[in-house]
Amino acid sequence: MQNNLLVKLYSDTSELPIEDKITMITRIALEGLNIDRSNYWELEGETLVCKNLIDETITDSLKNQRLNIRDLPKYFDAITTKTALIADNVMTNEFTTELIDNYLKPLGITDMVDIPVRENGFVRGVLCFEHRDNPRLWSENDITFARSLADFLSLSLEENKRKEAEKMLNEKQEKLKFIVENASDGVVIIENRKITYASPIFQKLSGYTEEYLKIIDNDEIYNLIHPDDFGRISKLIANNLENKLQVFSYDYKFKLANGEFAWHEDSVNVIYNQDGSYSKYILISRDVSERKKTYEKLIESEQQLRLITENSSDGFVILENHKIKYASPSYCSFLGYDYKDIVGSKSVNIFDSIHPNDRVRIKELVDFYLKNKIKSFKFEYRLKDINGK
C-alpha cells in the first residue's frame, strides 16, 4: 500500500503549487502510516513554525504554532544530525523529553517519527508523523516510507525555489525588454566577440538589421568606426578591458548602413569572467550628431566673437559679480593694463576705474537696469587709466 501511495504522490502532484503538495504529503502519511496526526514545520530563524497540519481528532487547527529551538536543544540537535528521529516512546526518548509538557502530553502523542527536510544540505524544516494511544514500534517499511515523503518534499521545495527564481528572472527580462525596446537609445550586447543582441532602436539608428549585425565578426564591428577615430577608440577599449574597467564611455563617428557617418556616444558596461575575459559587453548607444553640430557652432561662434573683439578698436569687457572675466586687447591698451593684471584679479573692481564724479551715477544706473532686467543699455562716463589719468 505504501508503494502505491508514493506512486500516486509522484504522479498526481507534478503541477500542484508547493502548498498543495505539502498538504497531500501530510494526508498520504495518515493512510500510509496508520496515524491520525501529521504536520510540517519550517525553520524561521530560531523558531519552528507549523506550516501544515492534519489532525483527525481535533477541530481546532494548530497551524502557525511556534516552538523556539532554544528551548529544545536536544531535539534540534537530533534533527540536524540524524536522518530520522525515531521515538517508539516519547516519554522515555532522550530527544523528545523537552516536548512532553508543552506539546506531547496535551495532544496525547505517544510515539513519533520526525524526518528533517533539507535544502542544499541545510535543514529547512521537519516532517512530523505522530501516533496516539499505546506506544508502537515503527517498522523498517514505516521509516523508509516516511523518509521517501521527506525526500519528495525536499525535492519539491528546491524545485519550487527554482521555479520562483525562473519566474522572477522572466519578469525582470520582460521588464528589461520593454525598457530597452522603448528607450530612445540603442542597446547592443556583444558576447565572444560577436553581437548577440541589437535593440530595435539601435537597428533604426544605424540602418542595420539584427540579422546582419549578428553575423559580422569583431573586426567588422571595428570597421564601423570612422578611420579618424579608429586608433583612439580601439586603444581606449583595449586598455579598459585589460584593466578590467566595468563602466566607461566614448564618442566617435559611426558608419551607418547607407555609408554615411553619424556621431555616436556609447556608454559601456562590461561583465567579466573569473579568468579576466569579458562575458558580456553591453553598450547603450545614442546619436549625438546634433549635439556635436551645436558644439561646433558654439566653438565657431566663440572664435568669431574673439576675432571681432581682439581686432576692434573698441574695448570689450565681460563682468561677473563686478569682477572682470574678460577684457579685449583694445580695452587693456587704452587703460595701460596687462591682461593678466586685471582679468580675474580680486584687487581690480570695474567701478574703481570710474571717475569719482561719475561713479555713484553709473552704479545707480547699472543697479536700476539690472534690477529691472533691462538687457541692453548705454551711458557715458570718465574712466581712469593705470596712471590715474
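Coordinates for the structure precede this section.
Scope of this entry: the structure provided in the associated data block. In this text, all values refer to a predicted model and were calculated from it rather than measured experimentally. (Residues numbered from 1 in each chain as written. Predicted model: local features only at pLDDT ≥ 70, side-chain atom pairs only at ≥ 80, totals over all residues. Heavy atoms only, no water.)

## Some details on the environment of Ser14
Formally: Secondary structure counts use DSSP, requiring at least four H or I residues in a row for a helix and at least two E residues in a row for a strand, with both numbered from the N terminus. Whether two residues touch is decided by their heavy atoms; if any such pair falls within 4.5 Å, the residues are in contact.
By the secondary structure assignment, Ser14 is in the loop between α1 (2-12) and α2 (18-33). Once the C-alpha coordinates of Ser14 and Asp111 are considered, the two residues, 97 residues apart in sequence, prove to be 32 Å apart. Those residues in contact with Ser14, other than ones at most four positions away along the chain, are Lys21 and Lys163.

## Concerning the side chain of Ser285
Let me state the cut-off plainly: Any pair of nitrogen or oxygen atoms within 3.5 Å is treated as a polar contact; in protein, a donor-acceptor pairing is required on top of that, and neighbouring residues in sequence qualify only through side-chain atoms on both sides.
With respect to the secondary-structure elements, Ser285 resides in strand β11 (residues 278-287). Side chain to side chain, Ser285 and His264 meet in a polar contact 2.9 Å long. One polar contact links Ser285 to Asp266, side chain to side chain, over a distance of 2.7 Å. Beyond its immediate sequence surroundings of up to four residues, Ser285 is in contact with Asp185, Gly186, Phe202, Leu205, His264, Glu265 and Asp266.

## A word on unusual backbone geometry
The condition that has to hold: With a 1.4 Å probe rolled over the protein chains alone, any residue whose accessible area is under 20% of its type maximum counts as buried; one over 50% counts as exposed, and the rest are partly exposed.
For Asn34, which is not a glycine, the phi torsion comes out positive at approximately 55°. Take Asn34: it is sitting in the loop between α2 and β1 (37-44). Look at Asn34 and you get exposed, because its relative accessible area is 64%. You will see that Lys244, though not glycine, has its phi angle at about 60°, which is positive. The residue Lys244 is located in the loop between α9 (227-242) and β9 (247-255) in this model. Look at Lys244 and you get partly exposed, because its relative accessible area is 39%.

## A short note on the pairing of strand β2 (residues 47-55)
The side chains of a regular strand alternate between the sheet's two faces. Here is the rule: Two strands are counted as paired when DSSP detects at least two bridges linking them.
In terms of burial, β2 is largely enclosed, as 8 of its 9 residues are buried. Both β1 and β2 contribute to a ladder of 8 bridges, which runs antiparallel. The residue of β2 that forms the bridge with Tyr40 is Asn52. In this antiparallel pair of consecutive strands, β1 and β2, the connection spans 2 residues, and Gly45 shows a positive phi of 70°. Judged from the 3 bridges that link them, β2 and strand β3 (residues 66-68) form a sheet pairing that is antiparallel. Bridging across to β3, Thr47 finds its partner in Asn68.

## Some points on the sheet that holds β11
Quick reminder of the rule: Think of each axis as a best-fit line through the C-alpha atoms, taken over the contacting stretch in the case of a helix, with angles from 0 to 180 degrees between the N-to-C directions.
With antiparallel pairing, the 5 strands of this open sheet are ordered in space as β8-β7-β11-β10-β9. Looking along the sheet, the strands with just one partner apiece sit at the ends: β8 (194-198) and β9. Here the average twist between neighbouring strands, direction ignored, is 30°. Strand direction decides the pairing type here: β9 and strand β10 (residues 261-272), joined by 9 bridges, are antiparallel. Its bridge partner being in β10, Lys253 is matched across the sheet by Trp263.

## A word on a nonpolar patch on the surface
As a reminder of what qualifies: Each patch is built from salt-bridge-free residues with over 30% relative accessible area, joining like charges within 9 Å and nonpolar side chains (Val, Leu, Ile, Met, Phe, Trp, Tyr) within 5 Å. Under the convention used here, a 1.4 Å probe and the Shrake-Rupley method define accessible areas, while residue burial counts only the protein chains that appear. We define a salt bridge as a contact between a side-chain nitrogen of Lys or Arg and a carboxyl oxygen of Asp or Glu at a distance within 4 Å.
Together, Phe368, Leu370, Ile374 and Phe377 make up a nonpolar patch on the protein surface, roughly 360 Å² of accessible area in all. Overall, Leu370 belongs to the exposed group, its relative accessible area being 52%.

Just distances and angles here, no functional claims.
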